[in-house]
Amino acid sequence: MSSKMSHTHIVVLCSIANFINAADRVIMPIALIPMTNDFKWTMHWQGWILSAFAFGYLSSQVIGACAAKKFGGKLILLLSVFLWSISTVATPWVSHNTFALIFCRVMSGFGEGLGLPTIFHIFANNIAINERSSAFGYLVAAGSVGQTVATVICPHLMWQTSFYLFGSIGIVWSLIWMSLYSEKDYGKNDALPLIIIPQYSSIHWRKFFIYWPLWAIYIAHFTMNWSNYIIMHWLPTYLCYLGANSQSISLTAVPYIFNSVFGIVAGNYADKLIDRRWSVLTVRRLMTTIGLVGPAIFLLLFCTVNSLAAAIIFISISMGLCACNSAGHLSNHSEVAPNHAGITFSVSNTLATIPGILSGPLTAELVTASHGRWFPVFILAAALNFTGSIIYCSQSSTSQVL
């Protein structure tokens, strides 16, 4: 093989890394059910184990962007994938000690948090501008496929095997990446940073927190992620509460499929509305409203049914509608801060990881306090979505503030 990888090979390898990243995230929520049977964890410990990942993920995103710029994408992406893969493989070995397991989950989250900012850096320096949209399309699609594959396969495996399988794939990927990708092979290729590290004093960090149009985005992102983390972390457990067995737990893949399909449709539809001379602000508010209010309604319906089939249908529609946010507030950064969209997105994504920390223990507390009933969990998530939609529609803007 040539010592110099083509841009296609870079996109393929980075997409595979994101496939593994996304798959590893959903293993624990599925494995938690048989692990709880083995280790007799309380609901509260289950919540902390699920949320531990977000502690690491929250702390490493900005570090990843800065480290990739200073030390190069090859080293940091290698470190990222190897760290989360080793942590995944080690999980069955340390599971008998809850504190060691939580530490392992934090390390896994830290490794995964380094990943995407580093891939953005690699794409910015190696992929031509006119090829980046398709490159990111493959990257995002690979993540959705990874979640779907893991949710289909893992319920049919011993829980230890799930961690060994996907962790080992990550280690193999690390060896391939280390042997094939060379930083010196590539120069700047229409470099347009996708993760922007401030290197100037003209914009003070305070500016990213004093404008309501920015806070409208931050709050919408926060409320969207609260529902997403509830579903990602607790859906397998809730379906067992409804009577699902190890076979039907695979149905947790369906909401991710809906999310992928709706996301593509929503993006194309939003572009068509703008082409028909709808104002950009109207389209952003419409898509965010659909992406927050729609899931809130179906979450409320979801918690009222006892049928497994109806529950899967409602939660799949909820996750599908949530994808409309990609054409709503998630696309609003480049309009309110066109020269600093990388920073505003980093701030927003960091704040939106907080639900990953809080939703685990709080869900456990709500279910325990309600004597095993789950409706307070979904009512809270729906209420946050309604609130986020109201704030976004009243405070959002498409006028530049930074």
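Residues numbered from 1 in each chain as written. Predicted model: local features only at pLDDT ≥ 70, side-chain atom pairs only at ≥ 80, totals over all residues. Heavy atoms only, no water.

A. Expanded view of the nonpolar core. Ranked by internal contacts, the top residues of the largest apolar core, which has 50 residues, are Met28, Met35, Phe302, Trp374 and Phe378. Considering every element that reaches this core, the biggest residue donor is helix α7 (residues 212-241), with nine residues. Excluding residues within four positions of it along the chain, Met28 makes contact with Met35, Ile49, Leu50, Thr91, Leu101, Arg105 and Phe163. In terms of nonpolar packing, the next biggest core, distinct from the first, is built from 20 residues, Ile10, Val81, Ile127 and Ala135 among them. (Core = buried A, V, L, I, M, F, W, Y, C linked by side-chain atoms within 4.5 Å. Buried < 20%, exposed > 50% of the residue type's maximum accessible area, 1.4 Å probe, protein only. Helix = DSSP H or I, 4+ residues; strand = E, 2+ residues; numbered from the N terminus. Contact = heavy atoms within 4.5 Å.)

B. A look at empty space enclosed by the protein. As enumerated under the stated definition, the model contains four cavities of 30 Å³ or more in all. Counted as a void, the largest cavity has a volume near 50 Å³. Around the largest cavity, the lining residues are Val26, Pro29, Ile30, Thr151, Ile231, Met232, Leu235, Pro236, Thr252 and Tyr256. For the lining of the largest cavity, the secondary structure elements donating two or more residues are α1 (7-39) and α7. If you tally residues by element for the lining of the largest cavity, the top one is α7, at four residues. Across the lining of the largest cavity, the residue classes tally to eight nonpolar, two polar and no charged. Per-domain counts for the lining of the largest cavity show at least three residues from each of domain 1 (1-183) and domain 2 (206-401). (1 Å grid on protein atoms, 1.4 Å probe; cavity = no way out; pocket = protein on both sides within 12 Å on 5 of 7 lines; lining within 4 Å. Points joined across faces, edges and corners; volume = space filled by probe spheres on them. Nonpolar A, V, L, I, M, F, W, Y, C, P; charged D, E, K, R; others polar. Domains from an automatic or database assignment.)

C. Inspection of the domain arrangement of the protein at higher detail. Domain annotation for the protein reports domain 1 (1-183) and domain 2 (206-401). Look at where the C-alpha atoms of domain 1 and domain 2 centre, and you get two points 22 Å apart. On the domain 2 side, the residues contacting the 24 residues of domain 1 number 28 residues. Here domain 1 packs against domain 2, burying approximately 2,500 Å² in sum over the two surfaces, 68% of which is carbon and sulfur. For the pair domain 1 and domain 2, the interface holds zero salt bridges. Every element with two or more residues in the side of domain 1 that touches domain 2 is listed here: α1, α2 (43-71) and α5 (129-153). A total of 12 residues in the side of domain 1 that touches domain 2 trace back to one element, the largest contributor, which is α2. Grouping the constituent residues of the side of domain 1 that touches domain 2 by class yields 14 nonpolar, 10 polar and no charged. (Buried area = accessible area lost by both parts, 1.4 Å probe. Salt bridge = Lys/Arg side-chain N within 4 Å of Asp/Glu carboxyl O.)

D. Geometry of the environment of Val149. Mapping Val149 onto the fold places it in helix α5. Separated by 126 residues in the primary sequence, Val149 and Ala23 have C-alpha atoms spaced 7.2 Å apart.

E. Highlighting helix α14 (residues 375-395). Taking 1.5 Å of rise per residue, 21 residues should cover 30 Å, and α14 covers 30 Å from first to last C-alpha, within 8% of that figure. Among all positions of α14, only Pro376, Val377, Phe378, Ala381, Ala382, Asn385, Gly388, Ser389 and Tyr392 are buried. Elements in contact with the buried residues of α14: α7, α9 (280-302) and α13 (354-369). (Expected span 1.5 Å × (residues − 1).)

F. Structural view of the packing of aromatic side chains. Evaluation of the coordinates by the stated rule reveals 21 aromatic pairs. Their ring planes at 80 degrees and their centres at 5.4 Å tell us that Trp215 and Tyr218 sit as a pair that is edge-to-face. Here Trp215 and its partner Tyr218 are both found in helix α7, three residues apart, which amounts to about one turn of the helix. For Trp215, a relative accessible area of 29% translates into the label partly exposed. Here Tyr218 falls in the buried class, since its relative accessible area comes to 1%. Plain terms: the ring middles of Trp234 and Trp374 are 5.8 Å apart, the flat faces sit at 65 degrees to each other, and that makes the pair edge-to-face. Taken together, the residues Trp234 in helix α7 and Trp374 in the loop between α13 and α14 connect sequence positions 140 residues apart. (Phe/Tyr/Trp six-rings, centres within 6.5 Å; stacked < 30°, edge-to-face > 60°.)

G. Focus on the environment of Asn228. Within the secondary structure, Asn228 sits in helix α7. Asn228 sits in the partly exposed class, given a relative accessible area of 21%. Taking the C-alpha atoms as reference points, Asn228 and Ile297, 69 residues apart in sequence, are found 14 Å from one another. Every residue in contact with Asn228, bar those within four places of it in the chain, is listed here: Met319 and Cys322.

H. Just unusual backbone geometry, in detail. Here Arg277, not a glycine, exhibits a phi torsion of approximately 75 degrees, which is positive. As for its placement among the helices and strands, Arg277 is situated in the loop between α8 (253-275) and α9. Even without glycine at this site, His371 takes up a positive phi of about 60 degrees. Under the relative-accessibility criterion, His371 is labelled exposed at 70%.

I. Region of the structure containing a nonpolar patch on the surface. A cluster of nonpolar side chains, Ile297, Leu300, Leu301, Phe375, Ile379 and Phe386, forms an exposed patch at the surface whose accessible area comes to about 450 Å². Of all the secondary-structure elements, those providing two or more residues to the nonpolar patch are α9 and α14. Here Leu300 shows up in helix α9. Using a relative accessible area of 31% as the deciding quantity, one classes Leu300 as partly exposed. (Patch = residues over 30% accessible without salt bridge, like charges linked within 9 Å, V, L, I, M, F, W, Y side chains within 5 Å. Areas by Shrake-Rupley, 256 points an atom, 1.4 Å probe, with all protein chains shown as cover.)

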